[in-house]
Amino acid sequence: MNNQPKVTGIGGIFFFSEDPEKTKSWYAQHLGLAVNEWGSTFESRNAQNPDQINYLQWSPFKQGSRYFEPSKKEFMINYRVQHIEALVDNLRAAGVQIVDEIETFDYGKFVHIMDPDGQKIELWEPIDHVFTEMGGETTK
C-alpha cells in the first residue's frame, strides 16, 4: 500500500439548497436516492481492496449555512485522504491555509483547508467499517 499522504477519492459533495428537505425528497422520488437526515450515502467498493465498502456523502445544506465559511462558494467537496496528519503537515509547510484542527470521530478524522480560489475543502480520513457496522440504507 502506498503510504504517501494524499487524496484517495471523493468522500462527499455538499451544496446549498433553498429547501434541503424538498431537494432530498425530489431526488428520492425522481432519481431513486436513498435519503436520510443528512442527504444520501452512496456505497461503492474500494478498487484497491474490493472487500472494503467505501462511502460518499451527498448533502444539501440550507442556503446560507455557515458550515462552508470562510468560503463564499455554493458548494464544498469532501476528499477521502490517507495519513491526514502528515498531509496537513505538508500542506501547512507549503503555505496552504488550514481552517481548523483535525477532529476525530468514530468514523474518521476531518480537517478543512482553503484552495487558491477561496473554496473550502473538507479532508476526511475515513474508517469505513464503522459506517458498514452502523447499517442504514445507502444509494448503490
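Quick look at the structure, then. (Residues numbered from 1 in each chain as written. Predicted model: local features only at pLDDT ≥ 70, side-chain atom pairs only at ≥ 80, totals over all residues. Heavy atoms only, no water.)

### Brief notes about the pattern of salt bridges
Oppositely charged side chains can form a pair if their charged atoms are brought close together.
At step 1: In this structure the tally under the stated criterion is five salt bridges.
At step 2: Lys109 is paired through a salt bridge with Glu85; the nearest N and O atoms lie 2.5 Å apart. Of this pair, Lys109 sits in strand 7 (residues 108–114) while Glu85 is found in helix 2 (residues 84–93), placing the two residues 24 residues apart along the sequence.
At step 3: Taking relative accessible area as the criterion, Lys109 reaches 24% and is therefore assigned partly exposed. (Salt bridge = Lys/Arg side-chain N within 4 Å of Asp/Glu carboxyl O. Helix = DSSP H or I, 4+ residues; strand = E, 2+ residues; numbered from the N terminus. Buried < 20%, exposed > 50% of the residue type's maximum accessible area, 1.4 Å probe, protein only.)

### Notes on the environment of Trp38
At step 1: Within the secondary structure, Trp38 sits in the loop between strand 2 (35–36) and strand 3 (39–45).
At step 2: Taking the C-alpha atoms as reference points, Trp38 and Pro70, separated by 32 residues in sequence, lie 21 Å from one another.
At step 3: Aside from chain neighbours lying at most four places away, what touches Trp38 is Lys24, Gln57, Trp58, Ser59 and Pro60. (Contact = heavy atoms within 4.5 Å.)

### Points about the nonpolar core
At step 1: Judged by nonpolar contacts, Val81, Ile84, Leu87, Val88, Leu91, Ile98, Val111, Ile113, Ile121 and Leu123 together constitute the single largest core of ten residues.
At step 2: For this core, the element with the most residues is helix 2, which contributes four residues. (Core = buried A, V, L, I, M, F, W, Y, C linked by side-chain atoms within 4.5 Å.)

### Quick word on the sheet that holds strand 2
At step 1: On the basis of which strands lie adjacent, the open sheet formed by eight strands has the order 2-3-4-1-5-8-7-6 and mixed pairing. In the strand order of this sheet, the two ends are held by strand 2 and strand 6 (103–105), each with one partner.
At step 2: Two elements, strand 5 (residues 75–82) and strand 8 (residues 120–126), share four bridges in a ladder whose sense is parallel. Bridging across to strand 8, Ile77 finds its partner in Ile121.
At step 3: Strand contacts of helix 1 (residues 20–31): strand 1 (6–17), strand 2, strand 3 and strand 4 (53–62), with the helix running at about 135 degrees to strand 4, the strand carrying the most contacts. (Pairing = 2+ DSSP bridges. Axes fitted to C-alpha atoms, helices over the stretch in contact; angles between N-to-C directions.)

### What about the side chain of Thr139?
At step 1: Along the polypeptide, Thr139 turns up in the segment after helix 3 (128–134).
At step 2: Here Ser40 takes part through its side chain, which lies 2.6 Å from a polar atom of the side chain of Thr139.
At step 3: Those residues in contact with Thr139 that sit more than four places away from it in its chain are Leu33, Ala34, Ser40, Thr41, Phe42 and Glu43. (Polar contact = N/O pair within 3.5 Å; in protein donor to acceptor, adjacent residues only side chain to side chain.)

### What to know about the pairing of strand 3
At step 1: Here strand 2 pairs with strand 3 via two bridges, running antiparallel. Residue pairing in the sheet places Asn36 in a bridge with Gly39 of strand 3.
At step 2: Between strand 2 and the antiparallel strand that follows it, strand 3, lie two residues.
At step 3: Direction of pairing for strand 3 relative to strand 4: antiparallel, over a ladder of six bridges. Across the sheet, Thr41 pairs through a bridge with Gln57, a residue of strand 4.

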